[in-house]
Amino acid sequence: MDDTGLRAIHHCRLVDERLATSGQPSEAQLGLIAQAGYETLINLALHDDPRYSLPDEAGSVAALNMRYVHIPVAFRAPKREDLLRFFDAMDAHIGRKLWVHCAANYRVSAFLGLYNALRLGQPPERAFALMREIWQPDATWQQFIDEQLLAGYYARRAAEYDQVYRKPERQAGLRQLEAALPALFDGRRVLEVACGTGWWTPHGAARARHWLATDLNPETMAVARSKPMPACVEFRTADAYTLAEVAHETFDAAFAGCWWSHVPLSRLPGWLDALHARLAPGARVVMLDNRYIEGNSTPIARHDDEGNGYQLRRLADGSTHEVLKNYPSVEHARALLGARAARVQWTDFPHYWLLDYTLA
């Protein structure tokens, strides 16, 4: 069949013999899609703007004997649950001819890039090649993509994550940190941000009154839940950036282990604001993270325009992931905290640093 009519659809990309993406098709173009043998049409756009949507796309698609799947994604506020629904829809239609569209193939190309990277294991440059042909994501979408890539990386790494804590050269420093943590939280109600696989949790919680360990990733949290924990530990899914899931609770201490280094520089002030908003005045805040050790740490492969560093990490399954990784200095941390932090102490260990302060 001549595909000239299909290629006339806004930002059309015939990805392969079974998958095509585009912006919004017209009624007539829907007919061409059906004639070309496509069985399912997925729409990521909203139905709320007649400039970018049809009066009754679901009805039009049904009349053409195609299946219609609508996953409305707000362009200015994409959500992880939208992405996961898209992943499920893609998986459910493997082997069938599938057309995926939104208003201009922006949402679709970004979601497809994430699907390629996170579900198919493609390297980033290949996974997002189609997206980069069509558009360069704005700040909102780049932030969303980076967050999902990081979450996907940790989901795939969950089973092997703790291997980093078994490196022989790190053992002495780890024992020092593990021994120091219990006294810092003695008798306190503690909010742990991004607990991951829970390596630090039992040490910090050993003498705490209550310890709420939070993470966004169910795969890493499942590893944490499987470990022996003090009776005071509770686990809960929460977004480290907003902590909306604990919005109505107040804590007198907080802990974040190996999280600061993965926060984009531009988001550090907002993240600290969200964290401090969940804490009572005088709360104790403790953070620890990696120091860069030449010859031992994974090298920084590149820096972006904002100054963030990125590492290329390879997992046991052979997949390669670009992971944001920054190494802050004590001067940068003190300047960022400013007057809201009192009694600031920064301690360097052989492979880690520990920051301890009181919320003013």
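Residues numbered from 1 in each chain as written. Predicted model: local features only at pLDDT ≥ 70, side-chain atom pairs only at ≥ 80, totals over all residues. Heavy atoms only, no water.

Caption draft 1: Main features of the pairing of strand 13 (residues 320–324). Here five bridges tie strand 12 (residues 309–314) to strand 13, and the two strands are oriented antiparallel to one another. Across the sheet, residue Y310 finds its bridge partner in strand 13, namely L324. Between the end of strand 12 and the start of strand 13, which pair antiparallel, lie five residues, with G318 showing a positive phi angle near 95 degrees. (Pairing = 2+ DSSP bridges. Helix = DSSP H or I, 4+ residues; strand = E, 2+ residues; numbered from the N terminus.)

Caption draft 2: Examining the pattern of salt bridges more closely. Under the criterion given, the structure shown has 17 salt bridges. Across the pair E133 and R13 runs a salt bridge whose closest N-O atoms are separated by 2.9 Å. Placement of E133 in helix 7 (residues 129–134) and of R13 in strand 1 (residues 13–14) is noted, with a sequence separation of 120 residues between them. Residue E133 is classed as exposed on the basis of its relative accessible area, which comes to 54%. Of the charged contacts, one joins E322 and R302 as a salt bridge, the two residues approaching to 2.8 Å between their closest N and O atoms. Of this pair, E322 sits in strand 13 while R302 sits in strand 11 (residues 302–303), and the two are 20 residues apart along the sequence. (Salt bridge = Lys/Arg side-chain N within 4 Å of Asp/Glu carboxyl O. Buried < 20%, exposed > 50% of the residue type's maximum accessible area, 1.4 Å probe, protein only.)

Caption draft 3: View of helix 2 (residues 27–35). Taken as a whole, helix 2 has its buried residues at Q29, L30, G31 and I33. In this structure, the buried residues of helix 2 make contact with helix 1 (4–7), strand 3 (40–43), helix 3 (57–63) and strand 5 (98–101). G37, located one to two residues past helix 2, shows a positive phi value of around 95 degrees. (Contact = heavy atoms within 4.5 Å.)

Caption draft 4: Inspection of the nonpolar core at higher detail. Core analysis: the biggest nonpolar cluster contains 66 residues, and W200 and W271 have the highest contact counts within it. Residue contacts for W200: discarding those within four places in its chain leaves Y165, L174, L177, E178, L181, F255, G257, C258, L288 and Y352. In this structure, M90, C102, F111 and F144 belong to the second largest nonpolar core, which totals 33 residues. (Core = buried A, V, L, I, M, F, W, Y, C linked by side-chain atoms within 4.5 Å.)

Caption draft 5: The packing of aromatic side chains, seen in detail. Applying the stated criterion across every chain yields a total of 28 aromatic pairs. When the ring of F75 is compared with that of W141, the centres are 5.7 Å apart and the planes differ by 40 degrees; the resulting orientation is tilted. Of this pair, F75 sits in the loop between strand 4 (67–70) and helix 4 (80–92) while W141 sits in helix 8 (residues 139–157), and the two are 66 residues apart along the sequence. In this structure F75 comes out as partly exposed when scored by relative accessible area, which is 21%. Aromatic pair W200 and Y352: ring centres 5.9 Å apart, planes at 80 degrees, arrangement edge-to-face. (Phe/Tyr/Trp six-rings, centres within 6.5 Å; stacked < 30°, edge-to-face > 60°.)

Caption draft 6: Just the side chain of T358, in detail. By the element assignment, T358 lies in strand 15 (residues 352–359). A residue is classified by how much of its surface remains accessible, and T358, at 15% relative accessible area, is buried. Here T358 is in contact with G282, A283, R340, A341, A342 and R343, once residues within four sequence places are set aside.

Caption draft 7: Fine view of unusual backbone geometry. You will see that H11, though not glycine, has its phi angle at about 55 degrees, which is positive. Mapped onto the elements of the fold, H11 is located in the loop between helix 1 and strand 1. The exposure class assigned to H11 is partly exposed, which follows from its relative accessible area of 24%. The phi dihedral of C258 is positive, around 55 degrees, even though this residue is not glycine.

Caption draft 8: Empty space enclosed by the protein, seen in detail. Per the counting criterion, the structure on display carries one cavity of 30 Å³ or more. One number sums up the size of the largest cavity: a volume of about 80 Å³. Every residue lining the largest cavity is listed: A117, L118, Q122, P124, L149, L150, Y153, T320, H321, E322 and V323. Residue contributions to the lining of the largest cavity peak at four residues, all from strand 13. Grouping the constituent residues of the lining of the largest cavity by class yields seven nonpolar, three polar and one charged. (1 Å grid on protein atoms, 1.4 Å probe; cavity = no way out; pocket = protein on both sides within 12 Å on 5 of 7 lines; lining within 4 Å. Points joined across faces, edges and corners; volume = space filled by probe spheres on them. Nonpolar A, V, L, I, M, F, W, Y, C, P; charged D, E, K, R; others polar.)

Caption draft 9: Representation of the packing of helix 4 against helix 5 (residues 106–118) in the model. Two elements in contact, helix 4 and helix 5, have axes whose closest approach is 10 Å; the angle formed by their N-to-C orientations is 70 degrees. The angle between helix 4 and helix 5 places the two elements in the roughly perpendicular class. Judged by the sense of rotation from one axis to the other, the crossing of helix 4 with helix 5 is right-handed. Contact residues: D82, L83, F86, F87, M90 and D91 in helix 4; F111, L112, L114, Y115 and L118 in helix 5. Here the contact of helix 4 with helix 5 is composed, by residue class, of nine nonpolar, no polar and two charged. (Axes fitted to C-alpha atoms, helices over the stretch in contact; angles between N-to-C directions. Parallel < 35°, antiparallel > 145°, perpendicular 65-115°, else oblique. Left-handed = near helix turned anticlockwise from the far one by under 90°.)

Caption draft 10: The sheet that holds strand 2 (residues 19–22), seen in detail. Across the sheet, which stays open at both edges, the five strands sit in the order 1-2-5-3-4 with mixed pairing between neighbours. Two strands in the sheet have a free side with no partner beyond their single neighbour: strand 1 and strand 4. One ladder, built from four bridges, connects strand 3 with strand 5; its direction is parallel. Of the residues in strand 5, the one forming a bridge with I42 is V100.

Caption draft 11: Looking closely at the pairing of strand 9 (residues 251–257). Of all seven residues that make up strand 9, six are buried, and the element is covered over most of its length. Relative to strand 9, strand 6 (residues 189–193) runs parallel, the two being bridged by four bridges. Directly across from V193, in strand 9, lies its bridge partner A256. Bridging between strand 9 and strand 10 (residues 279–290) involves six bridges; their strand directions are parallel. Bridge pairing links F255 to V286 in strand 10. You can see the chain leave strand 9, run along helix 12 (residues 268–277) and come back into strand 10, and the turn it takes is right-handed. (Right-handed = clockwise from strand over helix to strand, strands pointing away.)

Worth remembering: the numbers are spatial, not functional.
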